[in-house]
Structures are given as structure tokens and as C-alpha cells.
Amino acid sequence: MLKDRESIMQIAPGYTYSYERELDRQILEHRSSELVPVPVWNKAKYAIKRSSDVTMSLIGLLVISPFIPLIYWKIKNESPGPFIYKQERVGENGKTFQILKFRTMYDDAEKNGPALSSATDERVTPFGRFLRKWRIDELPQFINVIKGEMSVIGPRPERQHYINQLIKDEPAFLELLKTKPGITSLGQVLFGYAENKTEMLQRLKLELFYMRKYSLRLDIRIFFYTLRTLVKAEGK
């Protein structure tokens, strides 16, 4: 659920009612090309962002490494299946990659096809629910960051299955493919996980705002707000 306006103004001061109404109008008219410019970083900014991505990822992997044997044992002991779950996502410029997560669902979770998760999803294992609550399941994505497939902060990557559905109604979604996807994002901390297409559209507006502002200062705000979200265990 979208958090209160006070939270929005703390992390994204420019996300005003007038901005949201204008964005709604442009989306409704399918004027996606006018929503955001192609993100442009000078060499210094890019170097800072990339070096901070790699540094944070190495630190994150170092911090989690002592707990990996316990996480491995709990996942494998609770249900059969792989320890690390791999899923194809669409990244920068439409290039696909395998996103990495600690497995939190039963191995046959998608036997009936792709389905968005929900707060009461019965496909999630008991230990998987704990991992999701604290967002621990996302930590293997630091490897994706080191490989250059993702950034620590950026629009969340989606599966082609859902992108194909969304762009039929909302071509603006393709604007998110102009930059590397992130482990955390403005949409993640201010909205959370989406359970349906309507919620994905609501989160999309926050991600488009990030693309418009796309600054190191906003990245820092999102990073600290993500830490706050982790402490409050608001994952699902």
C-alpha cells in the first residue's frame, strides 16, 4: 500500500499531487515518450554509482556469509528444491538476466503458470515467509549487482510475462528499461510488492518519478529509507 504523503515528501519532495495528476494524464493518453528523458550520467556520477554498488554488494555478501549455512539448512530441510532460486527478468535495454533469490516458495509454486505473490500466499514456505518479511531473500542479488546486471537502487525488474500484459494498457512501463534495475527502489519502499496489475501501475508512477529525478541524492534517500523498511520488517 502507498505510504502516507508525509513519507513521500520526505524521500521524494517533488512527488506532488499536481505531478501525479499530470503523470496520470500522460499515461492515460499513452504519451510514454514524454514521461522521462533517457537517463544521462556524466562519467564521474557513473563511476560513483558503480563503485558504491560494488562496495555495498561486497559488504552485504560479507555480512550475510556467516548465516548462509543456516539459511541453506533451513530451506533444504523445510522443502525439496534448490537453495538459490533463479528467475528470468528483463533488465536495462530489454536484456534478460537470471535474478537470484533465496528460495522462499515450494518447488512447484508455478506449476499452473506465473502468478504474483500476496501477503497470504500459500505457496510461500514458513521459513520463506520469515525471509521475505525481512527482505533477506533478496540478498543474493548483490551477485547480480557485481556482475553488472543490476544496481543496488533502481526500478525493480519484471518478468517478460507481466511486461507483455502491462504495455498493452500502459506503454509507459517500457521507460523503466532505460536504466539498470535495482534490488530496492522508490516504488518498493513507498508502495511495496504489487499483487495485481492495478497495483503495478500505482508503483509504476513512483518508478517513473525516480527516472525523472535520477540523482545520487535521491539514491541516498532511498537507501536510508530501505534500511528503515528493513528494521520495521515490512516485507511480505
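Computed from a predicted structure; not experimentally measured.

Enquirer: Just checking my understanding: could you explain the nonpolar core for this structure?
Expert: For soluble globular proteins, nonpolar side chains are generally found buried alongside one another. Core analysis: the largest hydrophobic core is formed by 39 residues, its most contacted members being Ile11, Tyr15, Leu186, Leu190, Leu208, Tyr210 and Ile222. Per element, the largest residue contribution to this core is seven residues, and it comes from helix α9 (residues 197–213). When residues no more than four places from it in sequence are discounted, the contact partners of isoleucine 222 are Ile11, Ile153, Thr184, Ser185, Leu186, Val189 and Tyr210. Membership of the second largest hydrophobic core comes to eight residues, among which are Ile64, Ile71, Phe83 and Phe127.

Enquirer: Just checking my understanding: could you explain the packing of helix α2 (residues 17–28) against α9 for this structure?
Expert: Relative placement of two packed helices is described by the angle separating their axes and the distance separating the axes. Orientation of α2 relative to α9, taken along the N-to-C sense of each, is 110°, at an axis distance of 11 Å. In terms of orientation, α2 and α9 fall into the roughly perpendicular class. Across the interface between the two elements, Tyr19, Glu20, Leu23, Asp24, Gln26 and Ile27 of α2 pack against Leu201, Gln202, Lys205, Leu208, Phe209 and Arg212 of α9. A class-by-class count of the residues in the contact of α2 with α9 yields six nonpolar, two polar and four charged.

Enquirer: Before we go on, may I ask you to explain the UniProt feature "transmembrane region" (unreviewed entry) in the protein in this structure?
Expert: Feature annotation in UniProt assigns "transmembrane region" (unreviewed entry) to the following positions: residues 54–73. Regarding residues 54–73, the helix share stands at 85% and the strand share at 0%, and the terminal C-alpha atoms are separated by 28 Å.

Enquirer: Can you help me understand the pairing of strand β1 (residues 84–90) in this one?
Expert: Looking down a regular strand, the side chains alternate between one sheet face and the other. Direction of pairing for β1 relative to strand β2 (residues 96–102): antiparallel, over a ladder of seven bridges. What sits directly across from tyrosine 85, in β2, is lysine 101. The turn linking β1 back onto β2 is made up of five residues, and asparagine 93 within it adopts a positive phi angle of 60°.

Enquirer: Can you help me understand helix α10 (residues 216–231) in this one?
Expert: Note: α-helices contain 3.6 residues per turn, so residues at a spacing of three or four share the same orientation. Compared with an ideal rise of 1.5 Å per residue, which puts 16 residues at 22 Å, α10 spans 23 Å between its outermost C-alpha atoms and is within 8% of the ideal. Positioned one or two residues after α10, alanine 233 has a phi angle of 50°, which is positive.

Enquirer: Would you explain the UniProt feature "domain: Bacterial sugar transferase" (unreviewed entry) in the protein in this entry?
Expert: Using the residue numbers shown here, the UniProt feature "domain: Bacterial sugar transferase" (unreviewed entry) corresponds to residues 49–231. Counted over residues 49–231, helix gives 49% and strand 11%. Its end C-alpha atoms are 24 Å apart.

The rules behind these values
- Residues numbered from 1 in each chain as written.
- Predicted model: local features only at pLDDT ≥ 70, side-chain atom pairs only at ≥ 80, totals over all residues.
- Heavy atoms only, no water.
- Core = buried A, V, L, I, M, F, W, Y, C linked by side-chain atoms within 4.5 Å.
- Buried < 20%, exposed > 50% of the residue type's maximum accessible area, 1.4 Å probe, protein only.
- Helix = DSSP H or I, 4+ residues; strand = E, 2+ residues; numbered from the N terminus.
- Contact = heavy atoms within 4.5 Å.
- Axes fitted to C-alpha atoms, helices over the stretch in contact; angles between N-to-C directions.
- Parallel < 35°, antiparallel > 145°, perpendicular 65-115°, else oblique.
- Nonpolar A, V, L, I, M, F, W, Y, C, P; charged D, E, K, R; others polar.
- UniProt positions renumbered as here; feature names shortened; annotations may be inferred.
- Pairing = 2+ DSSP bridges.
- Expected span 1.5 Å × (residues − 1).

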